[in-house]
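This is what each chain is made of:
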Amino acid sequence: MLWHDITIAGTGSWIPPIRPEHDPWDGTPPGRPSMAAANGFTSAAVSTAQTATQMAARAALLALRHANVPSTDVSLLAHATFQDEDHYTPAPYLLRVLGATCSTGIEVGAASDGGAAALVTAAEHLTAQPTAPAALVTAAARFPHQRWAHVRDIGYVAGDAGAAAVLTRGTGFARLLATAQATEPQLEVLTRAGAPDDAAGPGRRFLAEQTGLLPHIDTLQRRTRHCVDTVLDETGLTAADISHVVAIAIGSAVLDLVLSGPPLHRRATDTNWTFGRHLGHAGPCDVLLALDRMFRTGALRVGERILVVSFGLGFRWTTALLEITRPPPGATTADRKTR
């Protein structure tokens, strides 16, 4: 899908305190690396006071300020969420606390693909509503230890965070060039809730929590390549034209396997993973958190292109290609110079 005149005008993130990967509540015996540590994780962001949706609200306020867009200009709020036990209707809560009470608010439930999928939803809204000034994307995740600590055994650390992005028509600094999406619905069986297990703590776990992603790496590689090839073909670009790759923070082993083949030939260290490994896998927040960090550090130059590679349980994929059209707000004078 090619896009015209859809831009990112601002981003925001809210990250709670970082804890080391081997915390007192980590069941791995001292001296023996956990599966998560072997997958490259060093720590995780852990929220003990704020709910997922409260973190999303803080990130949204920062994104609106970054974009210089008032909440009253938001026509749609698309909130990516995953098993929020504190807010059953998070989108209306966000509309209320942000003062965007004349907007439409919806939840996007695409698991770890939610943040990128919500970007597409917002872009579709602005395209279908030519008079809409702006759309707001938010994402949030909070993974209580009692329910999610066991994922270390299958190779990753769950992190807590909130993230947001403001999309506008033509006024932003990062233009959305193209997106591609795909699904493998026959794999939905992996996320069916199992029988309650008192020994496993609260919640009904699903099969993917026992197996991890490595048994399905062929599917991840094939569908990721399809989405990347699609956006490159539609824009007439090649992998060499991509300056930065942003991917979900699911671990160095998985990212190496998914990205190392054609057409990208990249490794985890060539992506935002060097940042994400410290926060943990924050579900639908990962790609938005990485974009916010990139936009605010002043490391980007006009003309550079960013490829977003996202996927999540279900299984669903979203790939997006962005181009920097002007220096993002907040960069220093030196950083604002183009090459």
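Residues numbered from 1 in each chain as written. Predicted model: local features only at pLDDT ≥ 70, side-chain atom pairs only at ≥ 80, totals over all residues. Heavy atoms only, no water.

**Student:** An account of the sheet that holds strand β4 (residues 74–80) is needed here, citing residue identities and associated values.
**Tutor:** Paired through backbone hydrogen bonds, the strands of a sheet run either parallel or antiparallel to each other. The strand order across the open sheet formed by 9 strands is β5-β4-β6-β7-β1-β8-β11-β10-β9, and the pairing between neighbours is mixed. Among the strands making up the open sheet, the edge pair consists of β5 (104–108) and β9 (244–247). Across the sheet, the mean angle separating the axes of adjacent strands is 25° when strand polarity is ignored. Pairing geometry for strand β10 (residues 305–312) and strand β11 (residues 316–324), over 8 bridges, is antiparallel. Pairing of V309 across the sheet is with T319, part of β11. The sheet strands contacting helix α7 (residues 217–235) are β8 (174–183), β10 and β11, and the helix crosses β8 at an angle near 140°. In this fold helix α10 (residues 286–297) packs onto β1 (6–14), β6 (134–141), β7 (161–169), β8, β9, β10 and β11, with an angle of close to 100° to the strand it touches most, β1. (Pairing = 2+ DSSP bridges. Helix = DSSP H or I, 4+ residues; strand = E, 2+ residues; numbered from the N terminus. Axes fitted to C-alpha atoms, helices over the stretch in contact; angles between N-to-C directions. Contact = heavy atoms within 4.5 Å.)

**Student:** Describe the pattern of salt bridges, with residues and values.
**Tutor:** By the definition in use, this model includes 8 salt bridges. R225 is the salt-bridge partner of D229, the closest N and O atoms lying 3.5 Å from each other. Remark: R225 and D229 occur in helix α7; sequence separation between them is 4 residues, near one turn of the helix. For D229, a relative accessible area of 25% gives the class partly exposed. Judged by its relative accessible area of 42%, R225 is partly exposed. Its salt-bridge partner being R267, residue D256 comes within 2.9 Å of it at the nearest N-O pair. With D256 in helix α8 (residues 252–259) and R267 in the loop between α8 and α9 (273–279), this pair connects stretches of sequence that are 11 residues apart. (Salt bridge = Lys/Arg side-chain N within 4 Å of Asp/Glu carboxyl O. Buried < 20%, exposed > 50% of the residue type's maximum accessible area, 1.4 Å probe, protein only.)

**Student:** Please give an account of the packing of helix α2 (residues 52–67) against helix α3 (residues 90–98) that cites residues and values.
**Tutor:** A pair of packed helices can be characterised by two numbers: the angle between their axes and the separation between those axes. The geometry of α2 relative to α3 is characterised by a closest axis approach of 10 Å and an angle of 45° between their N-to-C directions. Here α2 lies oblique to α3, going by the angle between them. Note that α2 runs across α3; the crossing there is right-handed. Across the interface between the two elements, T53, Q54, A56, A57, A60 and L61 from α2 touch P90, Y93, L94, V97 and L98 from α3. Each residue belonging to the contact of α2 with α3 can be placed in one class, and the counts come to 9 nonpolar, 2 polar and no charged. (Parallel < 35°, antiparallel > 145°, perpendicular 65-115°, else oblique. Left-handed = near helix turned anticlockwise from the far one by under 90°. Nonpolar A, V, L, I, M, F, W, Y, C, P; charged D, E, K, R; others polar.)

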